[in-house]
Amino acid sequence: MKSLSENEKKKRKPLWTKAFLVTSLSNLLLFFSFQMLIPTIPTHISQLGGNDFQVGLVIGIFTISSLLTRPFAGRALDLLGRKHVLLVGLTICALTIAGYSYMAVITLILAARFVHGIGWGISTTSLGTVIADIIPPERRGEGMGYYGLSNTFAMALAPLTGLWIMQTYSFHRVLLISTLLAVLSLFSSLFISYSKPFPVEKSVQKPKLIDRLWERTALLPSILLLCTAICYGGIVTFITLFGLEAGISNVGWFFLCNASMVLIVRPITGVLFDRKGPEWVLLPGALFTITGLLLLSYAHTELSLAIAALCYGIGFGSIQPALQAWTIARAAPNRRGAANGTFFSANDLGIGLGAMVLGALANLSGSYALMYRFSSVLIIVFLLIYGWSFWHVWRSIQLPQR
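Quick caveat, the model's predicted, so the values are computed rather than measured.

Chemist: What is the right way to look at the overall build of the protein in this model?
Modeler: Helix and strand counts for the protein come out as 15 helices and zero strands. Evaluated residue by residue, the protein yields a buried proportion of 52% over its 402 residues. Pairs at least 24 residues apart make up 86% of the contacts formed inside the protein by residues separated by at least 6 positions. Carbon and sulfur atoms make up 70% of the accessible area of the protein, which amounts to about 19000 Å² in all.

Chemist: How should the environment of V281 be read in this particular structure?
Modeler: Structurally, the position occupied by V281 is in helix α12 (residues 279-297). Along the primary structure V281 and P321 are separated by 40 residues, whereas in three dimensions their C-alpha atoms are 9.8 Å apart. Ignoring any residue separated from it by four or fewer positions in sequence, one finds V281 in contact with T269, L272, F273, S318 and A322.

Chemist: Sorry, what's going on with the environment of E142 here?
Modeler: Structurally, E142 is set in helix α7 (residues 140-168). According to the relative accessible area criterion, E142 is buried, its value standing at 9%.

Chemist: Would you mind going over the packing of helix α11 (residues 252-276) against α12 with me for this structure?
Modeler: The relative placement of two packed helices is expressed as an angle between their axes plus a distance between the axes. Look at α11 against α12: their axes get within 9 Å of each other, and the N-to-C directions meet at 160°. Accordingly, the angle class assigned to the pair α11 and α12 is roughly antiparallel. In the packing of α11 onto α12, the handedness of the crossing is right-handed. Side by side, α11 and α12 meet where F254, T269, L272, F273 and K276 of the first sit next to E279, W280, V281 and L296 of the second. Across the contact of α11 with α12, the residue classes break down as six nonpolar, one polar and two charged.

Chemist: I would appreciate a short explanation of the pattern of salt bridges in the present structure.
Modeler: Side chains bearing opposite charge may pair, as long as their charged atoms lie close to each other. Scanning the entire structure with this criterion turns up six salt bridges. Put simply, R82 and D78 hold a salt bridge, and the shortest N to O gap is 3.1 Å. Like D78, R82 is buried. For D133, the salt bridge is made with R336, and the minimal N-O distance between the two is 2.8 Å. You can see D133 sitting in helix α6 (residues 106-134) and its partner R336 sitting in helix α14 (residues 336-365), a full 203 residues away along the chain. The same class applies to D133 as to R336, namely buried.

Chemist: What should I look at first to understand the side chain of T289 in this one?
Modeler: As for its placement among the helices and strands, T289 is situated in helix α12. Dropping the residues within four chain positions of it, T289 is found in contact with Y312, G315, F316, I319 and I379.

Chemist: So what exactly am I meant to see when it comes to the nonpolar core here?
Modeler: Within soluble globular proteins, side chains that are nonpolar generally end up buried alongside one another. F242, L296, L305 and L323 are the most contacted members of the largest nonpolar core, which has 94 residues in total. Residue contacts for F242: discarding those within four places in its chain leaves I248, L296, S297, A299, L305, Y368, A369 and Y372. In this structure, A73, A76, L77 and V85 belong to the second largest nonpolar core, which totals five residues.

Chemist: Would you mind going over the packing of aromatic side chains with me for this structure?
Modeler: Remark: the centre distance and the inter-plane angle together describe each pair of aromatic rings, the angle taken between the planes. Applying the stated criterion across every chain yields a total of 17 aromatic pairs. With a centroid separation of 6.3 Å and 35° between ring planes, the pair formed by Y386 and F390 is classed as tilted. Taken as a pair, Y386 and F390 lie in helix α15 (residues 368-398) at a separation of four residues, close to a single helical turn. In textbook terms, an aromatic cluster arises when at least three aromatic residues are bridged by ring pairs, as seen for Y232, F254, F255, Y312 and F316. Of note, R173 hangs over the ring of Y169, and the distance from its end group to the ring centre comes to 4.6 Å. One cation-aromatic arrangement involves R330 over W326; the distance from NZ or CZ to the ring centre is 5.1 Å.

Chemist: Quick question: what am I supposed to make of a nonpolar patch on the surface here?
Modeler: A surface patch of nonpolar side chains, amounting to about 440 Å² of accessible area, comprises F153, L157, L263, I264 and I268. Among the elements of the structure, α7 and α11 are those that each provide at least two residues to the nonpolar patch. No other element matches α11, which puts three residues into the nonpolar patch. Topologically, I268 is positioned in helix α11. Residue I268 is classed as exposed on the basis of its relative accessible area of 54%.

Cut-offs applied
- Residues numbered from 1 in each chain as written.
- Predicted model: local features only at pLDDT ≥ 70, side-chain atom pairs only at ≥ 80, totals over all residues.
- Heavy atoms only, no water.
- Helix = DSSP H or I, 4+ residues; strand = E, 2+ residues; numbered from the N terminus.
- Buried < 20%, exposed > 50% of the residue type's maximum accessible area, 1.4 Å probe, protein only.
- Contact = heavy atoms within 4.5 Å.
- Areas by Shrake-Rupley, 256 points an atom, 1.4 Å probe, with all protein chains shown as cover.
- Axes fitted to C-alpha atoms, helices over the stretch in contact; angles between N-to-C directions.
- Parallel < 35°, antiparallel > 145°, perpendicular 65-115°, else oblique.
- Left-handed = near helix turned anticlockwise from the far one by under 90°.
- Nonpolar A, V, L, I, M, F, W, Y, C, P; charged D, E, K, R; others polar.
- Salt bridge = Lys/Arg side-chain N within 4 Å of Asp/Glu carboxyl O.
- Core = buried A, V, L, I, M, F, W, Y, C linked by side-chain atoms within 4.5 Å.
- Phe/Tyr/Trp six-rings, centres within 6.5 Å; stacked < 30°, edge-to-face > 60°.
- Lys NZ or Arg CZ within 6 Å of the ring centre and 35° of its normal.
- Patch = residues over 30% accessible without salt bridge, like charges linked within 9 Å, V, L, I, M, F, W, Y side chains within 5 Å.

As structure tokens, then:
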């Protein structure tokens, strides 16, 4: 048994390669650059005299352009190659962020946000596809878990860093540092090198346009992601207003505890995904997410808010990388770009719907607490959809044996 174990270890391909580290670094720099702008650009718009509608457009326009771009970015990745498309996306991001400094009119900033969303959609879809090519198939869940830590680290620290720089110095200093980080992401991506994982397949029959832009095998994980992303959109959009309603002075504890738990749980659930399969991660993750949402809706102190964040962090940290790893596992190698485009589009759409639909629900019910309780129904829908698909696969395996 020992010799067999040693042989299996020898066969396992290394995860922490130069390509994996460089791609993760490029992703970290890009996300840090982006997350610094999330709380600071709306504040800057307000300082320029913008109203609440214009502040909302800053987020909405970016999300729409990113959502529209991802399917085409995925198609381009499969046709033109990973690195060329990645460099184009990162260049757009760096140039757009630098351009914000020269825009004193809100209309110009909104136009630039649309262009920035295009660059963001291309860059993040490209990096997700590149890392999927690099990670050994037998370590996909583990690799995606570690890769996702770069996103989490940026989400935990970058918004606070951006606000501190803006309050201590100026918004232009925020833009300067954000631009520098985007340029460093572009520079580091130049050193990403790995062997092409597949030959480009030439089909005699041209597929339909919808099949070129979207990957059908990615639809199930993407629908599941959509359910969780709507809930997350409701949290990031309304958590501050919920804090005012519940009498909690510092809602920043939620983000800190959530990010801390995500950092802890992702490497663990990644290994569990590889060894046991997606059901061992997705089902417990969904239960922790429901628990976190319900606890959040009843929170009235910073301690109860922190406990809710810890539960939600376990669920959120488990589900997202597992779904991405599952998406890649289901797609053919030459369709990974389209699969990632489909997957990330669901994430963008979910966050946007969460802000709009759950906001309307909160307005109708008159309570953000009730809104979070109702949003937990989406995770029940998640469980029902996954349970149906699991039963369908199990039934198809059992039928030939009868």
